[in-house]
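# Structural overview for review
Each chain is listed here by its residues.
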Amino acid sequence: MMKSIKKYFYLLIVVVLLQACQDLDEINENPNYVNQTHPQLLLTQVASSAFQVQGTSPLYASRMLIQTGEENDYQYFKWGNGSYNTYNDLRQVTIMIEEAQRIGSSNYEAIGKFFRAHYFYKLSLMFGDIPYTDALGGESGSFQPRYDSQEEVFAGIITELDEAASLINEETTIDGDIIYGGDPSRWLRLINSFELKVLLTLSGKERVGEINTAAKFNEVYTRGPLISSLSENGQLVFVDQQDSRYTEFNSSSYGSSMFMSATFIDLLQELADPRLFIIAEQTPGAASEGKPINDPESYNGGDPTANYSLINETLVADGNISKVNARYYTDPTTEPHNILSYWELEFILAEAAVRGWINSDAPMHYENGIRANFEFYRNYAEPYSDFLSEDFVEQYTNQEQVVLPTGDQGLSIEYIITQKYLSSFLQGGWTQYYDYLRTGYPDFAFPSGATPPTRFVYPNDEYNNNTTNLEEAINNQFNGNDGIRELPWWLK
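Quick notes on the rules
- Residues numbered from 1 in each chain as written.
- Predicted model: local features only at pLDDT ≥ 70, side-chain atom pairs only at ≥ 80, totals over all residues.
- Heavy atoms only, no water.
- Helix = DSSP H or I, 4+ residues; strand = E, 2+ residues; numbered from the N terminus.
- Buried < 20%, exposed > 50% of the residue type's maximum accessible area, 1.4 Å probe, protein only.
- Contact = heavy atoms within 4.5 Å.
- Areas by Shrake-Rupley, 256 points an atom, 1.4 Å probe, with all protein chains shown as cover.
- Lys, Arg positive; Asp, Glu negative; His and termini not counted.
- Charge placed at Lys NZ, Arg CZ, Asp CG, Glu CD.
- Expected span 1.5 Å × (residues − 1).
- Arc of directions from axis to C-beta.
- Axes fitted to C-alpha atoms, helices over the stretch in contact; angles between N-to-C directions.
- Parallel < 35°, antiparallel > 145°, perpendicular 65-115°, else oblique.
- Left-handed = near helix turned anticlockwise from the far one by under 90°.
- Nonpolar A, V, L, I, M, F, W, Y, C, P; charged D, E, K, R; others polar.

## Notes on the overall build of the protein
In terms of regular secondary structure, the protein is built from 20 helices and 6 strands. Across its three principal directions, the C-alpha atoms of the protein cover 105 × 55 × 50 Å. Among the 492 residues that make up the protein, the fraction classed as buried is 53%. A separation of at least 24 residues holds for 73% of the contacts in the protein among residues at least 6 apart in sequence. Total accessible area on the protein is roughly 21,700 Å²; 47% of this is exposed by carbon and sulfur atoms. Here the protein contributes 31 positively and 67 negatively charged side chains, and the mean placements of these two sets differ by 6 Å.

Dropping the structure here:
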């Protein structure tokens, strides 16, 4: 009897296990448990992430903001390790490309290549050499990718952007597109324009692998099409809905111990630039005296090299320092954020013309850039639009200290980069800082002995998880010194 019970019990277990396996197979085959998705869903997610404002760190480094509540590492040029979190974004891009190839959609594949180029560009400028060719191979068991040289990475980025441009089908609408509403022709303009940005970043390099930098720039410029108006900006427009509001909306740091830097404020005042009123608040002292908003003397910034507590005890205590304009953290849709704008492209073309890379009118591109940025603020900072009228813009661009000088390449580039800098507050992430490293403009004050860093230290996790490849990359670039002031290839 006992043997019969045991036999029955074991048989019951086998039946249960077989039924469980059958149920699992049904789940795996159930269409509600798919492991594939249309790339349009991924595009919405990828674009939303990529186009967000990159926060205040680049503004401290670029002498636009100062901190008075504590010592800010970016303000005092003391930063250390960077992050490889961008590779998480690249994994989503990789899936989008794979899904695009699965359904035979060249447009989604092209946009995926653009985002790959965008993210690898950011990563390489942060660190130098990075995993590129072997990156994102975790699915196939490659968890310790080798490092490509920065030159190889940039050559790859340029090639991928060429491929992306060739893949765009302008006759097929792109669903899930929160940037251009499905218009592939505007994606093509962004792809080509971004390639020009990448190439100008390498203005100090005659060649990138087999690519002649200046000749390639002229080739892309000639083939076009390029961004030609504000309506073609590579920008994310925010809406007043959960998870879709302006990235800095409701950020408490703006209303506490964060203030404007004298570097930025002084430049705007020297040029009688009305963007001062749009970006900054009057000092509390000027506001209490009832001074008009458009009085440049109503604004003041703090020395970014001074001790933060000293600024707090003097300028803050005396009500003589400006905060960031409240619209940036109280208005949920204050202004779109640009990966690449029409005005930035015009400044890029102006510099390329000055360098002789293209046969075009540098003053025209330069003035187009200024006018476009004024128009952008006129559209999105409406309470201040009276200070940005066409008549005022005409007066501004005709000032001697604004008109682009000719005959002196260095001076012309200084003017171009200065105007590009003034147009970049909370736009374009670290672009203005990299422009400073590349050109030396505008002049940044820094604490004695703390020259501006040229890169980030590699992430600690990489030291633990990919030691051999990381150490080889550090030795190849910096003779074993993973420091923030080591020169990566693009700056040598």
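Back to the write-up after that little detour.
## Topic: helix α2 (residues 39-50)
The terminal C-alpha atoms of α2, which comprises 12 residues, lie 16 Å apart, in line with the 16 Å expected from a rise of 1.5 Å per residue. Those residues of α2 not exposed but buried are P39, L42, L43, V46, A47 and A50. The arc that holds the buried residues of α2, viewed along the axis, is 125°, so those residues lie on one side.

## Observations concerning the packing of helix α9 (residues 262-270) against helix α17 (residues 409-422)
Packing of α9 against α17 leaves a shortest axis separation of 11 Å and a crossing angle of 110°. Taken together, the axis directions place α9 and α17 in an arrangement best described as roughly perpendicular. Here α9 and α17 pass one another in a crossing that is left-handed. The segment α9 lies against α17, with T263, F264, L267 and L268 engaging T418, Y421 and L422. Each residue belonging to the contact of α9 with α17 can be placed in one class, and the counts come to 5 nonpolar, 2 polar and no charged.

## Points about the environment of E151
Structurally, E151 can be placed in helix α6 (residues 150-167). Judged by relative accessible area, which is 27%, E151 ranks as partly exposed. Between the C-alpha atom of E151 and that of Y254, which follows or precedes it by 103 residues, the distance is 39 Å. Contact partners of E151, with chain neighbours within four places excluded, come to R207, V208, G209 and W489.

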